[in-house]
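Now for the letters of each chain:
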Amino acid sequence: MESNKTPPEQAEIRRLANAIRGLTMDAVQTAKSGHPGLPMGMADAATVLFSRFLRFDPTDPHWPDRDRFVLSAGHGSMLLYSLLYLLGYSGPTLDQIKRFRQVDSPCAGHPEHGHLPGIETTTGPLGQGISNAVGMAMAERLLSARFGDDIVNHKTYVIASDGDLEEGISHEAISLAGHYKLKNLIVLWDDNNITIDGDRSLADSSNTIERFEAAGWKTTLCDGHSAQEVFRALTEAQSSDKPFLIACKTVIGFGFPTRAGTQKAHSDAPGQEEIDGAKKTLGLPPAAFALEDGVLEKWRAIGKRGAEARAAWTKRADASPMKAEFAATMAGTIPPELGRQLGELKAKLAAEKPNAGTRRTSEKALEVINGVLKTTVGGSADLTPSNNTKTKNITEIKPGDFSGRYIHYGIREHGMAAAMNGMALHGGIIPYGGTFLVFSDYCRPAIRLAAIMGIRVIFVMTHDSIGVGEDGPTHQPVEHLAALRAIPNLLVIRPGDAVETVEAWELALANTKGPTLLAFSRQDVPTVRSEKIDQNMSAKGAYEIAGTDNAKVTLIGTGSEVGLAMEARDLLNKDGIATRVVSMPCWSLFDEQPAAYRTQVLGPGTVQVAVEAGVRQGWGRYTGQHGRFVGMHSFGASGPYKDVYKHFGITPQAVVDAAKAALKNS
Ligand SMILES: Cc1ncc(C[n+]2csc(CCOP(=O)(O)OP(=O)(O)O)c2C)c(N)n1
């Protein structure tokens, strides 16, 4: 077994790395698509990392104290697939590698979390992986502070490309990591000077080393093809008191006779001639997918390196008095006690009937949640007093001090969202973080990835409509709810009052299969659910909140417009038009209900009028042919929020008029 202390021999590392190169070339050629350049360029550095430093055990890929490895440049996916195969993970098999990029293979175009053990996160959109890694490193520090170094003490390694570092999100991630002194984060930058269009100098002349240092990182340079140099750099990184960047000078497509060092190596099948030439230079057997004799055995032996460390860890963890707590933390279980306490809060709110912004009730719910759970880690992108995300019972995380549970993300919405994904992927943390709903656009790529991966991340988005008021159209979300509802596997919940707000939090915590976005109002809303009901009524997505016999009209509202619908109902009832109100906090949960339930809620034989201070898109399916929509048809306007509502005709009277018009036409 190779130890970390054994400096690598160049010839040996090259021989091992060439196996990655061979598999990559053949897989890309067979698929007639893919990206050989990065795996061939970074094969040597990755081999040093995996054979000397990375702590992992293919027989237990979910070992909680393993080092995390993130291939941020997901286009180089064959690097990861080759490594997982060579190291002896349960997948991919060689056959699956031969079917790289085919629908029946887990070796997807870009690494997909959940397709294979060892893929710690889904990457492909550049910049996301390195930003997830910041969250993973943060999660490790937080759990280490709670459970001790004996149980949690590992590193997060990243391979990042020029593209990763040119993306704006990398700025947010790098400065976050530097600020919080995430010393366990080590980035290997594939410094190959090549992007798709050509030389990096076409579009970028920034000094990457100085950029990282300015953000509070330590850095070093190395020849990414020199085993000794990479070993030296990684050794230096082990004892750093800051996050660490290793700039690995490499040649893209190392080994290709004509494409190496050029943008032609970046992607696409290189052609058989190029492959034959590369195999000859590298000393690889000419047959497709063939490895040099003895190389697979060598790699498999490397795959066994971590077994001892894992066994020792298991012994320590088993003997720890915190064993059960650690297991429950990593499993992310929610104790029944929380349900009981949230039930009490619901009952209290139903009795007290507060007239308050749902963001404020959200804080009340969070206070209960943070009191019972130790796994929640909150934060905000510099809108803490507005998002109401910091409860009194949790303290702030400070640079180098991870005893707290609240992160000041700074004005870094995108970095925050991606870091939250990283924390959820790491395990042991339920992250929630806030900004204004209008800035969900700044988080969207990370929200989308959370939805693809199916991870529990809770986005707290307050100021959820023109109810923002004076800040005006730039700050008033209009199309955002529609745009967010378009993301598959994202629960978008817009609770209508205090009681539904508690229910929304319950649903978000219970949703372990994907992210949840909670949209909360800035402005005060009345409590409509004043009856004590133990059941989580929001769980079905929509329900009748106010009924009547022989209804002619069904008003459907979400969020702050539920109260408005209730006012309209009073007016209609006064006019002798029997009207019921449906609260619809979550479309996608409603869509999952049996047809009979949906029909009954939407009110067969009534006309439907939906009211939401957002755009109409999508509402047609609930309001039907004769139904109406009262909402926004343009961007908002600056003014006191009540005036803005009036200005855009989102009023109880407008709803009444719409209902009467709909009845006339039906
Ligand atoms: C957000 C995002 N934009 C664009 C792309 C398309 N793309 C894939 S790789 C790449 C850049 C290639 O340059 P580099 O990152 O240096 O990788 P290398 O050529 O060294 O493999 C681009 C623009 C992407 N994957 N993600």
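Residues numbered from 1 in each chain as written. Predicted model: local features only at pLDDT ≥ 70, side-chain atom pairs only at ≥ 80, totals over all residues. Heavy atoms only, no water.

Student: Break down the site of the ligand for me, citing the residues and quoting the values.
Tutor: The immediate surroundings of the ligand are formed by 15 residues, with His75, Ser161, Gly163, Asn192 and His266 found nearest. Histidine 75 places a polar side-chain atom, nitrogen or oxygen, 2.8 Å from an oxygen atom of the ligand. Here the ligand loses 74% of its free accessible area of 580 Å² to cover by the protein chains. Classifying every residue of the shell around the ligand gives six nonpolar, seven polar and two charged. (Near = heavy atom within 4 Å. Polar contact = N/O pair within 3.5 Å; in protein donor to acceptor, adjacent residues only side chain to side chain. Areas by Shrake-Rupley, 256 points an atom, 1.4 Å probe, with all protein chains shown as cover. Nonpolar A, V, L, I, M, F, W, Y, C, P; charged D, E, K, R; others polar.)

Student: Hey, could you go over the pairing of strand E15 (residues 607-615) for me, with residue numbers and the actual values?
Tutor: Burial analysis of E15 places eight of its nine residues in the buried class, the great majority of the element. As defined by bridge partners, E15 adjoins strand E16 (residues 628-632) across four bridges and the pair is classed as parallel. Bridge pairing in E16 links alanine 610 to phenylalanine 629. (Buried < 20%, exposed > 50% of the residue type's maximum accessible area, 1.4 Å probe, protein only. Helix = DSSP H or I, 4+ residues; strand = E, 2+ residues; numbered from the N terminus. Pairing = 2+ DSSP bridges.)

Student: Provide a residue-level description of the packing of helix H5 (residues 128-147) against helix H7 (residues 168-180), including the pertinent values.
Tutor: Following both chains from N to C, one finds H5 and H7 inclined at 20°, their axes separated by 8 Å at the closest point. On the basis of their axis angle, the class for H5 and H7 is roughly parallel. Handedness of the crossing formed by H5 with H7: left-handed. When H5 is examined against H7, the residues Gln128, Ser131, Val134 and Met138 are found in contact with a partner set consisting of Ile169, Ala173, Leu176, Ala177 and Tyr180. (Axes fitted to C-alpha atoms, helices over the stretch in contact; angles between N-to-C directions. Parallel < 35°, antiparallel > 145°, perpendicular 65-115°, else oblique. Left-handed = near helix turned anticlockwise from the far one by under 90°. Contact = heavy atoms within 4.5 Å.)

Student: Just give me the short version of the sheet that holds strand E4 (residues 218-223), but keep the residues and values in it.
Tutor: Ordered by their spatial adjacency, five strands build an open sheet running E1-E2-E3-E5-E4, and the pairing between neighbours is parallel. Lying at the two open borders of the sheet, with one neighbouring strand each, are strand E1 (68-71) and E4. When the angles between neighbouring strand axes are averaged without regard to direction, this sheet yields 15°. Both E1 and strand E2 (residues 156-160) contribute to a ladder of four bridges, which runs parallel. If you follow leucine 71 over to E2, its bridge partner there is isoleucine 159. Along the sheet face, helix H9 (residues 227-238) touches E2, strand E3 (185-191), E4 and strand E5 (244-249) and points at about 165° away from the line of E4.

Student: Report on the pattern of salt bridges, specifying residues and quantitative values.
Tutor: Evaluation of the coordinates by the stated rule reveals 34 salt bridges. Ionic pairing is found between arginine 494 and aspartate 464, a salt bridge with its closest N-O pair at 2.9 Å. One end of the pair, arginine 494, is in the loop between strand E10 (491-493) and helix H20 (498-510); the other, aspartate 464, is in the loop between strand E9 (458-462) and helix H19 (480-485), with 30 residues separating them in the sequence. Judged on exposure class, the residue arginine 494 and its partner aspartate 464 are both buried. A salt bridge links lysine 660 to aspartate 575, with the shortest nitrogen-to-oxygen separation between them at 2.7 Å. One end of the pair, lysine 660, is in helix H26 (residues 652-665); the other, aspartate 575, is in the loop between helix H21 (560-574) and strand E14 (579-583), and 85 residues separate them in sequence. Taken together, the shared-partner salt bridges connect Glu12, Arg15, Glu292 and Lys298 into one network. (Salt bridge = Lys/Arg side-chain N within 4 Å of Asp/Glu carboxyl O.)

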